[in-house]
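Reading the structure
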Amino acid sequence: MNVLLAGYNIEATRIPHNDDATPEVLSAAYARISRSPKRIDQLREEAVREVDASRRSNTRIIFGMGHASVAEHAIFNIDIIGISRYLAEFVQKSRLASFTEKSQRYVKLHGDFVTPHEILGTPLESSYRTLIDRQNSLYHKLSEAGEKWFTQQGLDAKAAAERAREDARYVLSLATETQMGMTLNVRSLERLLRRLGKLHFHEAIQLRDRIQDLVEGIAPSLVRYTEPDPYDSNRVGVESTEPRLWDDDVRLLSGTENPDDLVLSMAMARDTGDNPDTALHYISQLSLEQKKAEYDKLFSGMEGYHPAPEPFEFADFTFALRMSSCAFAQFKRHRISSRIRTARHPNLQAVFPEWFQHVGMMQPIEEMMVTCTNLWNDLRSINPEIADYALTNAHAVQVAYRMNLRELYHFARLRCDGHAQWEIRALATRIVEIVKAKAPLSAALMMGKDEFDDREE
Ligand SMILES: Cc1cc2nc3c(=O)[nH]c(=O)nc-3n(C[C@H](O)[C@H](O)[C@H](O)COP(=O)(O)OP(=O)(O)OC[C@H]3O[C@@H](n4cnc5c(N)ncnc54)[C@H](O)[C@@H]3O)c2cc1C
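Read on for a plain summary of the structure. Just so it is clear, the model here is predicted, and its values are computed rather than measured. Each chain carries its own residue numbering, running from 1 in the written order of its sequence. Reporting of local features is limited, given that this is a predicted model, to residues whose pLDDT is at least 70; pairs of side-chain atoms are given and counted only at 80 or more, and all residues count toward the totals for whole chains, interfaces and linings. In computing side-chain values, all of the structure's heavy atoms are included and hydrogens and water are not.

**Details of empty space enclosed by the protein**
The line we're drawing: Cavities and pockets were defined on a 1 Å grid built from protein atoms only: a cavity is a group of points that admits a 1.4 Å probe but offers it no way out, a pocket is an open group of points flanked by protein on both sides within 12 Å along at least five of seven lines, and a lining residue is one with an atom within 4 Å of any such point. Grid points are joined across faces, edges and corners, and a volume is the space filled by probe spheres set on the points. The numbering of helices and of strands both runs from the N terminus, where a helix is a DSSP run of H or I of at least 4 residues and a strand a run of E of at least 2.
Following the criterion strictly, the structure yields 2 cavities of 30 Å³ or more and no others. In this structure, the largest cavity spans a volume of roughly 80 Å³. What lines the largest cavity is Arg-85, Tyr-86, Ala-88, Glu-89, Glu-101, Leu-174, Ser-325, Ala-329, Lys-332, Arg-344 and Asn-393. Those elements giving two or more residues to the lining of the largest cavity turn out to be helix H4 (85–91) and helix H12 (325–331). With 4 residues, the top contributor of residues to the lining of the largest cavity is H4.

**What about the pattern of salt bridges?**
Selection rule: What counts as a salt bridge is simple: a side-chain nitrogen of Lys or Arg found within 4 Å of a carboxyl oxygen of Asp or Glu. Remark: exposure states derive from per-residue accessible area (1.4 Å probe, protein chains only) relative to the maximum for the residue type, with buried under 20%, exposed over 50%, and partly exposed in between.
Tallying each qualifying case throughout the model produces 22 salt bridges. Notably, a salt bridge pairs Asp-41 with Arg-39, separated by 2.8 Å at the nearest N-O pair. Classification of Arg-39 as partly exposed rests on a relative accessible area of 43%. For Asp-453, the salt bridge identified is with Lys-449, shortest N-O distance 2.8 Å. Taken together, the residues span about one helical turn, with Asp-453 and Lys-449 both in helix H17 (residues 449–454) at a distance of 4 residues. Each of Glu-89, Arg-341, Arg-344 and Asp-388 takes part in a single network of salt bridges with overlapping partners.

**Points about the state of the cysteines**
For clarity, the cut-off: By disulfide we mean two sulfur atoms from cysteines, separated by a distance within 2.5 Å.
Following the criterion strictly, the structure yields 0 disulfides and no others. Sulfur of Cys-416: no disulfide; nearest cysteine sulfur belongs to Cys-326 and is 17 Å away. By relative accessible area, Cys-416 is classed as buried at 12%.

**Quick notes on the layout of surface pockets**
Rolled over the atoms, a probe with the dimensions of a water molecule shows which regions are left empty. Here is the rule we go by: Amino acids outside the nonpolar list (Ala, Val, Leu, Ile, Met, Phe, Trp, Tyr, Cys, Pro) and the charged list (Asp, Glu, Lys, Arg) are all regarded as polar, and Gly is one of them.
The space that makes up the second largest pocket amounts to roughly 1600 Å³. Lining of the second largest pocket is provided by 44 residues; of these, Ile-10, Ile-15, Ile-75, Phe-76 and Ile-218 occupy positions nearest its centre. Elements with a contribution of two residues or more to the lining of the second largest pocket: helix H1 (24–33), helix H2 (40–49), strand S1 (75–84) and helix H8 (202–216). In terms of residue class, the lining of the second largest pocket is built from 25 nonpolar, 11 polar and 8 charged.

**Topic: the environment of Glu-101**
Just so we agree on the cut-off: In protein, a polar contact requires one atom able to donate a hydrogen and another able to accept it; more generally it is a pair of N or O atoms within 3.5 Å, and residues adjacent in sequence count only if both atoms are side-chain atoms.
Structurally, Glu-101 is set in strand S2 (residues 97–101). Separated by 77 residues in sequence, Glu-101 and Thr-178 place their C-alpha atoms 7.2 Å apart. Side chain to side chain, Glu-101 and Gln-92 meet in a polar contact 2.9 Å long. A distance of 3.1 Å separates the side chain of Glu-101 from the side chain of Thr-178, its partner in a polar contact.

**A few points about the site of the ligand**
Note the threshold: A cutoff of 4 Å decides nearness: a residue is near a molecule or strand if any of its heavy atoms lies inside that distance of it. Per-residue and other accessible areas were derived by the Shrake-Rupley procedure at a 1.4 Å probe size, with only the shown protein chains allowed to occlude residues.
Taken together, 15 residues form the shell around the ligand, and within it Glu-101, Arg-333, Arg-335, Glu-407 and His-410 come nearest. Within the side chain of His-334, one N or O atom sits 2.9 Å away from an oxygen atom of the ligand. Between the ligand and Glu-407, the relevant distance is 2.5 Å, taken from an oxygen atom to a side-chain nitrogen or oxygen of the residue. Protein coverage of the free-state accessible area of the ligand, which is 940 Å², stands at 60%. Of all elements in the fold, only S2 and helix H15 (405–415) reach the threshold of two or more residues within the shell around the ligand. Among the elements that line the shell around the ligand, the one with the most residues is H15, at 4 residues.

Dropping the structure here:
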């Protein structure tokens, strides 16, 4: 065996500025593996020597033959600085990508925000700035009032200040600036560009153009289909554009039937080689005690950092959820899932930390929310896509989310844990309760990491 280091991502200023410094050569060399008798390192040497030929073969293989996965061997790291939280949400829809974003929870915010280009120089610009100033002022007042409140509740000064600040952000606008590091392969990047291409507001167009400029000169043979396809924009039931309030905050829509037996049967099929349906029939004949004993074997030695075993992926649950935009910013980071989100609307319920009432701040907050609604309507009349800049972290989103049991375990470890933010923790706890009722054996150890570590075995 021979294992060679073919490449790795290095920081941009260390990359020589010449035409050969392109990740395309890795894609070209790997693409040729399937049909060439040569060793990979030889193919790589040839690809580096003949960059133009590599580009031509990439074009032929990826776009001519549809072997698109070879573009995944080329990876970009991109800093995105000063993007609104609103647009960040679209970017982070990429599931095969990695993001690390400035936390509004841990970093004190200083009122930096994006003003939509569409309203610059119009009368709406000053209304917009006034609203954001008001939100920033509420943020500071809440941070101070909250610090006192949490100190009275027994938290030490540092913890009280942090808790107050992380909750105060509920009144901040989705226009608030953030920054993120993004790592993704060129196949995902191309898809991101197509998705951004469906947006018709300036900030999105600017971001798309900038990313395209950055990568096109470096990997022109890998980034080709960046224009949105009309097919992606097909819509149903377009007469009704106002989202309706869903029934509950957390509601189970559907789930795998008899998940405990199914998961166990998949483990058995894996371990014995039985047909999955034969295994399922066998498992279904076992007593509850016998099934528990089989699960004990599967869970044996599990630590808080262990994922649930692979057979757990065969059972999944779909939930209809309503949460604040603040909680959704965290929820959406769980990539091994399927989701749809309805449009935002100021009439959907907003979520606020309960203590806002105890410190007597709800009245100015509610007044601010009315101004948000008015501005949302005004912005919508200019361009519906910029309206949500007027909304806050407190405004609700409604999402349908499907996760398999393995991902639900991971989600619960992080989000039911004591370190999790309170709103997502409450949602995660409800979700886990519902899943446990449907899957008492397979979900038996689904809980936050702290509870898992503390439990008595
Ligand atoms: C307390 C807390 C604080 C946080 N603070 C911040 C913060 O300040 N900034 C911030 O940006 N985020 C923050 N996060 C979010 C966090 O970094 C994760 O993005 C989020 O929890 C989703 O979890 P995940 O990435 O483990 O896995 P998921 O996306 O849920 O995926 C599940 C599992 O699949 C595997 N997986 C998925 N994608 C990949 C991949 N591309 N490569 C390799 N393996 C993969 C991993 O094993 C992963 O655990 C915080 C999360 C918590 C719980």
